[in-house]
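# A look at the structure
Chain by chain, the residues:
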Amino acid sequence: YSTYLYIGRALQLIEQRNRSQPFFLYLPLQNVHGPTESPQRFKDMYPDNATMQAYRLKIMACMSAMDEGVANLTNALDRAGMWENTVLVFQADNGGDVGGGGFGMYNWPLRGGKWTNWEGGVRVASFIHSPLLPKQWFYFPFLGLRDTIP
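Each value, and the rule that gives it
- Residues numbered from 1 in each chain as written.
- Predicted model: local features only at pLDDT ≥ 70, side-chain atom pairs only at ≥ 80, totals over all residues.
- Heavy atoms only, no water.
- pLDDT = per-residue confidence, 0-100.
- Helix = DSSP H or I, 4+ residues; strand = E, 2+ residues; numbered from the N terminus.
- Salt bridge = Lys/Arg side-chain N within 4 Å of Asp/Glu carboxyl O.
- Buried < 20%, exposed > 50% of the residue type's maximum accessible area, 1.4 Å probe, protein only.
- Contact = heavy atoms within 4.5 Å.
- Polar contact = N/O pair within 3.5 Å; in protein donor to acceptor, adjacent residues only side chain to side chain.
- Phe/Tyr/Trp six-rings, centres within 6.5 Å; stacked < 30°, edge-to-face > 60°.
- Lys NZ or Arg CZ within 6 Å of the ring centre and 35° of its normal.

Of all residues in the chain, 85% attain a pLDDT of 70 or more, and the chain-wide mean is 84. Per-element confidence in the chain is highest for helix H1 (residues 2–16), whose mean pLDDT is 96, and lowest for strand S2 (residues 126–129), whose mean pLDDT is 82.

The structure is reproduced here in structure tokens:
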């Protein structure tokens, strides 16, 4: 399962880093992209729901696997004494695919989705977290991926 491989390698890099050098990690997880598979224990978190498409249940299981991976990563940074000097940027690449084929994505109240320029395709979940930021710091304007490249 790719999330296990990527997170596992990231944890190794954290443990083996050169402590005298700055550390940068770019980790693009692909959980909600095809193939949408996840270990059974994540699928078991979401019992069959007659009102929800099967594909959407798969996506929810994939997202739970991603959540666990990000938690493992942040815990490793904390154990390594790096969390207090870390800036974590989390950003999706596009909105959910609402096209044909029963992909189960639902971007309401935004119009459109993946492959469109409407808000449902380009307005995505993202956040920046860091102990280095002031505790009451909020950034409300639009933030694009091109704005966050180091």
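The next subject is the pattern of salt bridges. Under the criterion given, the structure shown has four salt bridges. Lys 43 is the partner of Glu 37 in a salt bridge, and the nearest nitrogen-oxygen pair spans 3.2 Å. Since its relative accessible area comes to 40%, Glu 37 is described here as partly exposed. What makes Lys 43 partly exposed here is its relative accessible area of 28%. Close ionic contact of Glu 37 with Lys 58 constitutes a salt bridge, the shortest N to O distance being 3.6 Å. Placement of Glu 37 in the loop between H1 and helix H2 (40–43) and of Lys 58 in helix H3 (residues 54–79) is noted, with a sequence separation of 21 residues between them. Members of the salt-bridge network, linked through shared partners, are Glu 37, Lys 43 and Lys 58.

Note that Asp 93 resides in the loop between strand S1 (88–91) and helix H4 (119–122). Look at Asp 93 and you get exposed, because its relative accessible area is 55%. Taking the C-alpha atoms as reference, Asp 93 lies 8.8 Å from Ala 125; in sequence the two are 32 residues apart. Residues within four places of Asp 93 in sequence aside, it is in contact with His 33 and Val 124. For Asp 93, the side chain forms a polar contact with the side chain of His 33, separated by 3.3 Å.

Quick look at the packing of aromatic side chains now. Summed over all chains, the structure comprises two aromatic pairs. A ring pair is formed by Tyr 1 and Tyr 4, whose centres lie 5.5 Å apart and whose planes are at 75 degrees; its orientation type is edge-to-face. Accessibility expressed as a relative area gives 39% for Tyr 4, which makes it partly exposed. With a centroid separation of 5.3 Å and 15 degrees between ring planes, the pair formed by Phe 90 and Phe 127 is classed as stacked. Placement of the pair is Phe 90 in strand S1 and Phe 127 in strand S2, with a sequence separation of 37 residues. Here Arg 111 stacks its cationic end above the ring of Trp 118, 3.8 Å away from the centre of that ring.

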